[in-house]
Amino acid sequence: MKDSSPLTMKDIARELGISVATVSRALKDSPRISEERRRFIQQYAREHNFIPNVLAESLRYSKVQPMKVIGVIIPEIVHYFFSTILRGIEEEASARGYRIMVAQSGEHYEREVQLCQSFLKNKVCGIIVSQAKDTQRYDHFRRLIDVGMPLVFYDRICTGVNASRVVVDDYTGAYNAVSYLIKTGCRRIAYFGSQMNLEIAKNRYNGYKDALLKNGLPFREDFTRICDNRQDAEMMTPELFDGDEYPDAFFTINDDTALGVLYTVKRMGLRIPEDVSICGFSNGLRAISCDPMLTTVEQHGTKVGEEAVDVLIGYVEGAIPMDKVEKRVVRTRLIIRGTTR
């Protein structure tokens with residue numbers, strides 16, 4: 001064990017070869033384990049200067065709760081989907097007597113690390129987070145778990161950390177959307193997505209690819225791009241029309257990217273949806289403010305936020321054991337509008 005880090009229940013469990021739940025019960029003098037075992041674990045904790053997370057314990061077991069503030073890390077608050085999640089988080093937290101402290105990572109790993117440390121110092125009762133695009137090291141998240149901080153991921157989950165998460169069914173949403181494009185007669189469907197270090201990007205990409213293959217269409221690497229914003233979509237879309245064959249449809253990872261495709265294809269003189277169909281993913285306000293209005297996948301962001309709060313408060317108030325990982329999935333729905341046949 002590292003002397004520089006406070007001893008956690010997880011450390012004790014690992015050293016003694018027992019579960020975190022057993023350590024927790026022993027330190028609370030639970031009669032569910034033998035007196036001899038309780039004394040042994042308690043003595044080990046004393047000898048190794050274990051300091052319990054007083055805040056978590058007081059929130060979990062006291063009727064007088066000194067701090068009911070949830071830390072929320074959001075990649076970009078201007079993003080429609082994240083703003084709807086934030087609304088769900090705030091409404092559910094407020095209804096259950098909690099306040100939220102919100103901060104943006106700006107899609108930067110370093111900022112995300114700073115925010116985790118700041119929330120820890122400010123003694124929030126738990127943290128809800130969607131990881132930044134460039135996060136590829138996870139020690140800051142593991143540290144939160146090690147010190148007993150309740151942690152719940154939403155949307156962009158961290159597969160390198162065994163923590164609870166609330167996500168939408170990205171794979172099914174993508175699969176159904178691309179299957180619909182195929183059903184309406186599209187045969188050359190392009191894909192614009194994000195970096196594959198994000199789990200949502202992998203799931204939507206796999207849904208797209210499987211829909212092609214299961215409907216007897218070839219997967220074409222030349223029809224896929226790492227492109228997840230409007231500016232890049234406006235730049236990259238013309239590239240796909242340079243060859244002998246060009247796409248007759250686009251499936252994109254979000255609505256902003258879809259709108260970049262829409263704008264560019266119209267500027268090129270092609271008809272939508274007669275020549276090119278377009279489908280996005282989000283169902284934000286912009287999806288109904290374009291011409292034609294955008295076919296897209298509804299993500300139900302408010303529901304994602306509500307579920308994330310429900311899991312976090314479950315940890316804080318003891319309804320969910322701290323060593324149990326919750327995995328909740330919110331269903332998507334295809335909204336058909338004017339950009340598809």
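Here is what the cut-offs are and how they apply
Residues numbered from 1 in each chain as written. Predicted model: local features only at pLDDT ≥ 70, side-chain atom pairs only at ≥ 80, totals over all residues. Heavy atoms only, no water. Core = buried A, V, L, I, M, F, W, Y, C linked by side-chain atoms within 4.5 Å. Buried < 20%, exposed > 50% of the residue type's maximum accessible area, 1.4 Å probe, protein only. Helix = DSSP H or I, 4+ residues; strand = E, 2+ residues; numbered from the N terminus. Contact = heavy atoms within 4.5 Å. Expected span 1.5 Å × (residues − 1). Pairing = 2+ DSSP bridges. Right-handed = clockwise from strand over helix to strand, strands pointing away. Salt bridge = Lys/Arg side-chain N within 4 Å of Asp/Glu carboxyl O. Axes fitted to C-alpha atoms, helices over the stretch in contact; angles between N-to-C directions. 1 Å grid on protein atoms, 1.4 Å probe; cavity = no way out; pocket = protein on both sides within 12 Å on 5 of 7 lines; lining within 4 Å. Points joined across faces, edges and corners; volume = space filled by probe spheres on them. Nonpolar A, V, L, I, M, F, W, Y, C, P; charged D, E, K, R; others polar.

**Examining the nonpolar core**
One recurring pattern in soluble globular proteins is that nonpolar side chains are buried together.
Item 1. Ranked by size, the top nonpolar core spans 26 residues in total, and within it Ile70, Ile128, Val152 and Val304 carry the most contacts.
Item 2. Breaking this core down by element, the ones donating at least two residues are strand S1 (69-74), helix H5 (80-95), strand S4 (151-154), strand S5 (164-168) and helix H12 (301-317).
Item 3. When residues in this core are grouped by element, the largest group, eight residues, is from H12.
Item 4. When neighbours within four sequence positions are excluded, Val304 is seen to be in contact with Phe81, Ile85, Tyr154, Val166, Val168, Gln299 and Val330.
Item 5. Of all hydrophobic cores here, the second largest spans 22 residues; its members include Ile182, Tyr191, Tyr205 and Tyr208.

**A word on H5**
Item 1. Spanning 16 residues, H5 covers 23 Å between terminal C-alpha atoms, matching the ideal 22 Å at 1.5 Å per step.
Item 2. Buried within H5 we find Phe81, Phe82, Thr84, Ile85, Leu86, Gly88, Ile89 and Ala93.
Item 3. Phi turns positive, to about 85 degrees, at Gly97, one or two residues after H5.

**Remarks on the pairing of S1**
Item 1. Along S1, six of the six residues are buried, which leaves the element largely enclosed by surrounding structure.
Item 2. Burial along S1 is two-sided: the face carrying Val69, Gly71 and Ile73 and the face carrying Ile70, Val72 and Ile74 are both buried.
Item 3. Here S1 pairs with strand S2 (residues 99-104) via six bridges, running parallel. Among the inter-strand pairings, Ile74 is bridged to a residue of S2, identified as Gln104.
Item 4. Crossover handedness for the path S1 to H5 to S2: right-handed.
Item 5. When S1 meets strand S3 (residues 126-129), the two strands line up parallel, connected through four bridges. Looking at S3, one finds that Ile70 is bridged to Gly126.

**So, the pattern of salt bridges**
Item 1. One pass over the structure, following the stated rule, counts 21 salt bridges.
Item 2. The shortest N-O distance in the salt bridge between Arg96 and Asp310 comes to 2.7 Å. On the criterion of sequence distance, the pair formed by Arg96 in the loop between H5 and S2 and Asp310 in helix H12 is long-range, its members being 214 residues apart.
Item 3. Take Asp310: its relative accessible area is 27%, and that puts it in the partly exposed class.

**So, the sheet that holds strand S6 (residues 189-193)**
Item 1. Spatial ordering of the open sheet is given by S7-S6-S8-S9-S10-S12, a layout of six strands whose pairing is mixed. Edge strands, defined here as strands with exactly one partner in the open sheet, are strand S7 (224-226) and strand S12 (333-335). Strand-to-strand, the axes of this sheet are offset by a mean angle of 20 degrees, without reference to chain direction.
Item 2. Where strand S10 (residues 295-298) meets S12, three bridges bridge the pair, whose relative direction is antiparallel. Residue Val297 lies in a different strand from S12, and its bridge partner there is Leu334.
Item 3. Each of S6, strand S8 (249-252), strand S9 (277-282) and S10 touches helix H11 (residues 255-267); the most contacted strand, S9, lies at about 160 degrees to it.

**Some thoughts on empty space enclosed by the protein**
Item 1. For the coordinates displayed, the defined rule picks out one cavity of 30 Å³ or more.
Item 2. Volume-wise, the largest cavity comes out at about 50 Å³.
Item 3. Residue lining of the largest cavity: Arg187, Arg188, Ile189, Tyr208, Leu212, Pro218, Phe219, Arg220 and Phe223, and that is the complete set.
Item 4. Residue composition of the lining of the largest cavity, by class: six nonpolar, no polar and three charged.

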